[in-house]
Amino acid sequence: MANDSKTWRCGKYELSFDRPRIMGVLNVTPDSFSDGGEHFDPDAAIEYGLAMLDAGADIIDVGGESTRPGFTPVNPDEEARRVLPVVRALAKEGAIVSIDTRHVAVAKAAVRCGASIVNDVTGFTDPKMVEFVKTSTCGVIVMHAGEVAAPARTHATVQLDTSAAAFVAEKAREAAAEAAREAEKPARRRRGKLLGEPKTEAKLPGGVVQPSLPFGDPEPASEPTDEQKQEAPAAEEAAPVAEAAANPESSPEPSDHLAAMMRRSARREEAYVPTSQLRRFTLPDSAPIMRRVMGFLSDQARALIHAGVSRDRICIDPGPGFGKTANEDIVIQRETAKMASLGYPLMCAVSRKRFVGAVSGVTEAAERDAATFGVCLGAIQAGANIVRVHDVAGFAQFLNGYWAVAKPQPRRAFVAVGSNLGHRCDNIRAARDMIAEIPLTCVSNCSRIYESEPAYETRQDAFANAVIEIKTELAPLVLLDELMKIEAELGRDRSKKAKVNGPRTIDLDLLWMDGETHGGKKLRLPHPLIGERDFVLVPLEDLMHDPARFFRYNGVEVKEPEDRVGHIVGELGRM
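Given the structure is predicted, the values throughout are model-derived calculations rather than measurements. (Residues numbered from 1 in each chain as written. Predicted model: local features only at pLDDT ≥ 70, side-chain atom pairs only at ≥ 80, totals over all residues. Heavy atoms only, no water.)

A. Looking closely at the overall build of the protein. A count of helices and strands for the protein gives 17 helices and 18 strands. Split into buried and exposed, the 575 residues of the protein put 46% on the buried side. Here the contacts in the protein between residues at least 6 apart in sequence split such that 71% fall between residues at least 24 apart. Surface accessibility of the protein: about 29800 Å² in total, with carbon and sulfur atoms responsible for 52%. (Helix = DSSP H or I, 4+ residues; strand = E, 2+ residues; numbered from the N terminus. Buried < 20%, exposed > 50% of the residue type's maximum accessible area, 1.4 Å probe, protein only. Contact = heavy atoms within 4.5 Å. Areas by Shrake-Rupley, 256 points an atom, 1.4 Å probe, with all protein chains shown as cover.)

As structure tokens, this is what we get:
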């Protein structure tokens, strides 16, 4: 299962895998295979990326070049123009952003704009890309893109013809040869040598001529004349044009290696299998396929480590659909446990791929989400840590339901509680009791209730504040929704007419959750303002030793007491 001790360091972030992590796909392209053009506009892409964060994505993978079969390569300048505004905006909202690119110039620019991960579909085979990532702190995804079938042997196919016509033809040739030998005997006696060549053809019944097979060596070609030598280059240049005119659907292989490989992959997938190639088994042998895939991934990961990239920054991806047939992709997915045993975080990036359509019978790529979830679940059970999907909201719902019953996982979290309307302490105690009733959640400890100066909006009454320590098995966004329900039930006004930091009957903030980092408009973890709020840090001292040090260790900037807002001015009693 995904619950293991692996961690993935991606710049200033560290991802743990006590639960599977969701990577949302954001294609800023006009031609991606399932959602091309939907988010090509930067503003639309940013809005969609934020929506995926609010739906449950842990990472947003931003790409500006489609790598579907038959794709048109994009130059780095155009790719950068597409992705950089999106990367910058999402990183500003606290998102963990991955840049999906094979161009080192784009990767460099994206990391400067806030990207924390470089997802290279060519597996860091470019020395310039290796040179760049070794000097940064970003996470890296090593992907296998290549054909995994064994090279085909080049030999002529011998076709045995056992028909009755062939039998008759053979008998006729034998009879003709015997008659020729008999006719030659008198000639040899008269002249001592053969008169003419033996017959090479024989008539079958009905007058059909059966030619002999060309087993002999071909006749040597005559030397070309000077005029023919001069005409040869022009003829060679005209040949492709003539071929294209004769077959307008054919097109030359692209010079781009990845594009050429993906085109060959599509042709292999669509190719007709003749009867001479029928197999005895439903799938090809896994051993040679996995030797190629795992060999490449482990070799590239070791090369990165030797170049200076720390091991805990490396994630691996077998690259489903990149140079592989449906059968090969299924073989690779079934061997997920072997790939997970390499010890690196493992990605499952099967969303809406061709082989998912093949096993589910769904033709349209955008309709393959349910089948995608099934394949992802199998990968998670076998040890995959990160799932890359298009439908984040649907998969987050699917995963939360599955994980709640499949993996008991209580985690520690802190909730800040505040009130300055009505009976402040009673409001806080009521909120505590309602939090204890949230499904899969219990209250494990409470701070004392403190009085504090109002923060941000100072022209209002003083606040009563406390912090509640809980244990929960809910996902952070699900827990947040439950807290918002409690606020509404206790009379919190969150309408547009209410002041953001104005008076309230109750205020519940999810401050921190074990193993969780999250960005977006709806929820930020750790809470981005926790380090400047005296009315949070002082109550936390009742629950842990030195909360300032604890949060600094978790990457939160904590201000000195005199520089904070909402200072504690007194104690109001126990919870």
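B. Here's a closer look at unusual backbone geometry. The omega torsion across L525 and P526 is -10°, close enough to zero to call that bond cis. On the secondary structure map, P526 appears in the loop between β17 (507-513) and α16 (534-540). Of note in the backbone geometry, Y456 takes a positive phi value of approximately 70° without being a glycine. Relative to the helices and strands, Y456 resides in the loop between β15 (449-452) and β16 (463-472). The class for Y456 is partly exposed, based on a relative accessible area of 36%.

C. Representation of helix α15 (residues 476-489). Between the first and last C-alpha of α15 there are 20 Å, a value that for 14 residues agrees with the 20 Å anticipated at 1.5 Å per step. Regarding α15, the residues found buried are P476, L477, L479, L480, E482, L483, I486 and E487. Looking one or two residues beyond α15, the residue adopting positive phi is G491, at roughly 95°. (Expected span 1.5 Å × (residues − 1).)

D. Inspection of the sheet that holds strand β5 (residues 96-100) at higher detail. With parallel pairing, the 8 strands of this open sheet are ordered in space as β10-β7-β6-β5-β4-β3-β12-β11. A single partner strand is all that each edge strand has here, and the edge strands are β10 (314-317) and β11 (347-348). One ladder, built from 4 bridges, connects strand β6 (residues 117-120) with strand β7 (residues 139-143); its direction is parallel. Residue pairing for β7: D120 is matched across the bridge by V142. Across the face of the sheet, helix α12 (residues 369-382) comes into contact with β11 and β12 (386-389) while running at roughly 170° to β12. (Pairing = 2+ DSSP bridges. Axes fitted to C-alpha atoms, helices over the stretch in contact; angles between N-to-C directions.)

E. Looking closely at the state of the cysteines. Tallying each qualifying case throughout the model produces 0 disulfides. Of the cysteine sulfurs around C348, a residue in no disulfide, the closest is that of C376, at 4.1 Å. Given a relative accessible area of 3%, C348 falls into the buried group. (Disulfide = S-S within 2.5 Å.)

F. Spatial organisation of the side chain of S98. Structurally, the position occupied by S98 is in strand β5. Assessed through its relative accessible area of 0%, S98 is described here as buried. Not counting chain neighbours up to four residues away, the residues in contact with S98 comprise M23, I59, I60, D61, V62, I117, N119 and I141.

G. Focus on the packing of α12 against helix α13 (residues 392-406). The interhelical angle for the contact between α12 and α13, taken along N-to-C directions, is 45°, at an axis separation of 11 Å. The orientation of α12 relative to α13 falls into the category oblique. For the pair α12 and α13, the sense of crossing is right-handed. Contacts from F373, C376, L377, I380 and Q381 in α12 reach G394, F395, F398, L399, Y402 and W403 in α13. The class makeup of the residues in the contact of α12 with α13 is 9 nonpolar, 2 polar and no charged. (Parallel < 35°, antiparallel > 145°, perpendicular 65-115°, else oblique. Left-handed = near helix turned anticlockwise from the far one by under 90°. Nonpolar A, V, L, I, M, F, W, Y, C, P; charged D, E, K, R; others polar.)

H. Geometry of the pairing of β15. Where β15 lies against strand β18 (residues 568-573), 4 bridges are found, and the strand directions are antiparallel. Its bridge partner being in β18, S452 is matched across the sheet by I568. Bridge analysis of β15 against β16 gives 3 bridges, and the strand direction is antiparallel. Bridge pairing in β16 links Y450 to N465.

I. Layout of the packing of helix α8 (residues 286-307) against helix α9 (residues 326-334). Where α8 contacts α9, the axes come no closer than 10 Å and their chain directions differ by 75°. Between α8 and α9, the angle falls in the class roughly perpendicular. Note on element contacts: α9 touches α8 through E328, V331 and I332, opposite S286, I289, M290 and V293.

J. Just the environment of P408, in detail. Topologically, P408 is positioned in the loop between α13 and β13 (411-419). A residue is classified by how much of its surface remains accessible, and P408, at 63% relative accessible area, is exposed. C-alpha separation for the pair P408 and T472, spaced 64 residues apart in sequence, amounts to 10.0 Å.

K. A look at the packing of aromatic side chains. Evaluation of the coordinates by the stated rule reveals 7 aromatic pairs. For the pair F414 and W512, a centre-to-centre distance of 5.8 Å together with 35° between the ring planes defines the contact as tilted. One end of the pair, F414, is in strand β13; the other, W512, is in strand β17, and 98 residues separate them in sequence. A relative accessible area of 0% means that F414 is categorised as buried. Arranged with centres 5.1 Å apart and planes meeting at 85°, the rings of F550 and F551 form a pair that is edge-to-face. By relative accessible area, which is 24% here, F550 ends up partly exposed. Three or more aromatic residues joined by ring pairs form one cluster here, namely F414, W512, F550 and F551. (Phe/Tyr/Trp six-rings, centres within 6.5 Å; stacked < 30°, edge-to-face > 60°.)

L. Structural view of the environment of V111. When you line up the elements, V111 lands in helix α3 (residues 104-112). If we skip the residues at most four places from it in the chain, V111 touches V118 and F132.

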